[in-house]
Structures are given as structure tokens and as C-alpha cells.
Amino acid sequence: MSVVKSVLADQGNGLSGDRFKARDNAREVTLIQAEHIEAVASMMGIEQISPEILRRNIVVSGLNLLALKGKRFKVGDAVLEYTGLAHPCSKMEEALGPGGYNAMRGHGGITSSIVSSGQINLGDKVQFLPT
């Protein structure tokens, strides 16, 4: 994983450059809360976790991602739709050390599909869309 300043969210194809793109349209984009990354670091006794090792596409802050359940929302010019929870995988044991999988449970973020293609830039806000 690498941090980019801008990415194209392409409906049906996922994020440009994402090696997992288009494998599963319900999981085209994953989001995680910065606050949850801090909580996981605390549980693991780690001062700081680099977000890219958690294998999520977008890190947001100041927003409870569960509030997006059943909703469409905009990030940059792209329209996304909540599709479910992003559960941790066994790779978290390798990435974070023993107990990493359990620390990530309930803190893995959400999955979403791309409803409308668009550019997403670092610093773009998440905006709720009316239903």
C-alpha cells in the first residue's frame, strides 16, 4: 500500500492503482476512522500505527463511519454507498503483532461501492447525501 494525494474512483473498477480493484464491487473502497487507528495502537501498546499497514483505502477523522450505514455519501467528486463492515483479516497478526487481529475487531472500518465515478483528493470531506 502507498499513500497518494489523489485517486480516481471508477465505478465498476474500483480505485485506480488498487491491486484489488473490481474483485468485489461491494468492496470497491474501504474507509477507516483515524480515531480507531489510535485506539488499536493503544490496545497494542504501540505509539503509532502507520495507516497503510491496515489495508484500508481511505482514512477519515471526526466522523463515525457507522453513521453511513444504508446511505450514499460523497468523497471528493465520487459518490459511494455503504455496503458493510470491513472485518480484519489474519494479516493483522503479521502487521501489528500477536493480538493484532483481535485489536482490530470492531475497528476495521467500512466497505463501500462506487455509485458515481470521480476524483478523490487528500483532505476531501465526507458528505452525506439525501436518500
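Rules used in this analysis
- Within any chain, residue numbers begin from 1 and follow the written order of that chain's sequence.
- With the structure being a predicted model, the display of local features is reserved for residues of pLDDT at least 70 and the display and counting of side-chain atom pairs for 80 or more, all residues being used for whole-chain, interface and lining totals.
- Hydrogens and waters are ignored; side-chain quantities use all the structure's heavy atoms.
- In this description a helix means any DSSP run of H or I spanning at least four residues, a strand means any run of E spanning at least two, and both kinds are numbered starting from the N terminus.
- Between buried and exposed lies partly exposed: a residue is buried under 20% and exposed over 50% of the maximum accessible area for its type, with that area taken using a 1.4 Å probe on protein chains only.
- What makes a nonpolar core is a set of buried Ala, Val, Leu, Ile, Met, Phe, Trp, Tyr and Cys residues whose side-chain atoms join them at distances within 4.5 Å.
- A pair of strands is labelled paired if DSSP reports no fewer than 2 bridges between them.
- In this analysis, two residues are considered to be in contact whenever any of their non-hydrogen atoms come within 4.5 Å of each other.

(A) Quick peek at the environment of serine 42. Tracing the chain through its elements places serine 42 in helix α1 (residues 34-44). What makes serine 42 exposed here is its relative accessible area of 59%. Remark: the alpha-carbon pair of serine 42 and glycine 76, spanning 34 residues in sequence, is separated by 31 Å.

(B) Summary view of the nonpolar core. Leu31 and Phe73 are the most contacted members of the largest nonpolar core, which totals 18 residues. Mapped by element, the contributors of at least two residues to this core are β1 (6-10), β3 (29-33), β4 (58-60), β5 (72-75), β6 (78-85) and β7 (110-116). Looking at this core, the element that brings in the most residues is β6, giving three residues. Counting eleven residues, the second-largest nonpolar core is a separate cluster that includes Ile32, Ile37, Met44 and Leu54.

(C) Up close: the sheet that holds strand β8 (residues 118-121). The sheet built from three strands is open, its strands ordered β2-β1-β8 with antiparallel pairing. Whereas interior strands pair on both sides, the edge strands pair on one side only; in this sheet they are β2 (14-15) and β8. Summarising the sheet, β1 and β2 pair through two bridges and their orientation is antiparallel. In the sheet register, aspartate 10 faces β2, and the bridge partner there is glycine 14.

(D) Spotlight on the side chain of serine 112. Along the polypeptide, serine 112 turns up in strand β7. On the basis of relative accessible area, serine 112 is assigned to the buried category, the value being 0%. The residues contacting serine 112, other than those within four sequence positions of it, are Asn25, Ala26, Arg27, Glu28, Val29, Leu31, Phe73, Leu80, Glu81, Tyr82 and Thr83.

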